[in-house]
Amino acid sequence: SQELEQSPQSLIVQEGKNLTINCTSSKTLYGLYWYKQKYGEGLIFLMMLQKGGEEKSHEKITAKLDEKKQQSSLHITASQPSHAGIYLCGAVSLRDYKLSFGAGTTVTVRA
Amino acid sequence: DTGVSQDPRHKITKRGQNVTFRCDPISEHNRLYWYRQTLGQGPEFLTYFQNEAQLEKSRLLSDRFSAERPKGSFSTLEIQRTEQGDSAMYLCASSPGTDYNEQFFGPGTRLTVL
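Residues numbered from 1 in each chain as written. Chains lettered and ligands numbered in written order. Predicted model: local features only at pLDDT ≥ 70, side-chain atom pairs only at ≥ 80, totals over all residues. Heavy atoms only, no water.

A. Representation of the state of the cysteines in the model. Per the counting criterion, the structure on display carries two disulfides over all chains. In this model, Cys23(A) is linked to Cys89(A) through a disulfide, with the two sulfur atoms separated by 2.1 Å. Measuring the twist about the S-S bond at about 75°, one finds the Cys23(A)-Cys89(A) disulfide to be right-handed. Within this pair, whereas Cys23(A) is found in strand E3 (residues 19–25), its partner Cys89(A) is found in strand E9 (residues 85–92), the two being separated by 66 residues in sequence. An identical accessibility class is assigned to Cys23(A) and Cys89(A); each is buried. Each disulfide pairs two cysteine sulfurs, and for Cys23(B) the partner residue is Cys92(B), the sulfurs being separated by 1.8 Å. Every disulfide takes its handedness from the sign of the S-S torsion; for Cys23(B) and Cys92(B) that torsion is -65°, giving left-handed. Taken as a pair, Cys23(B) in strand E3 (residues 19–24) and Cys92(B) in strand E9 (residues 88–95) lie far apart in primary sequence, 69 residues in all. Judged by its relative accessible area of 0%, Cys23(B) is buried. Exposure remark for Cys92(B): the relative accessible area of 0% places this residue in the buried category. (Disulfide = S-S within 2.5 Å. Helix = DSSP H or I, 4+ residues; strand = E, 2+ residues; numbered from the N terminus. Buried < 20%, exposed > 50% of the residue type's maximum accessible area, 1.4 Å probe, protein only.)

So this is what it looks like as structure tokens:
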């Protein structure tokens, strides 16, 4: 099965600062999803990347996919308390479209 | 709200009891997925349905776990003879069923086995 490694495991940033989360796959990426989760709740879809070099942005969150490196990064600009949570990357299987997830990155934003 | 719903949100049970969880997907979605998430980990795939057909169930954790989607609408996940190791968050997701469609997740059911 596809294994995804996220780094860092957790991070604390001052409000207003930028942050980056990385997701590295052990296998070829055909589709990469980013989700956000508040503790004890379900996952909220952020964005999906399919093509190598693809970059998408939503509000202050930007995600990129580097197919050659089998990596994706999530960048948050000028972080706010609302950005706090657990960020999960997920890779899609071509066979059954199930998602394999990384362990998550816990983001804390300090006021 | 027309998102994915799950019931109950929390379930506390004693070891050895059976539990059943329900998931109602977004109405036009024909794919439905079940995942399990333990503390500090990402969700782990269990099984999925295309309409009423269960297309992948090899990842169900043991024969104590079973899932159904009788009419291709809502789904149930049953755990028989629960064990303390079954304590986790059980998440349901649905998608429209075309390639690479994002999966929309429900709020989850948190199971605690005493």
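B. Molecular detail of the interface of chain A and chain B. In this assembly, 24 residues from chain A lie in contact with 25 residues from chain B. Summing both partners gives a buried area of about 2,000 Å² for chain A against chain B, and 55% of it is carried by carbon and sulfur. Here chain A and chain B share four residue pairs in polar contact (both at pLDDT 80 or more) between them. When contributions to the side of chain A that touches chain B are tallied by element, the ones reaching two or more residues are strand E4 (32–37), strand E5 (43–49), E9 and strand E10 (99–101) of chain A. (Contact = heavy atoms within 4.5 Å. Buried area = accessible area lost by both parts, 1.4 Å probe. Polar contact = N/O pair within 3.5 Å; in protein donor to acceptor, adjacent residues only side chain to side chain.)

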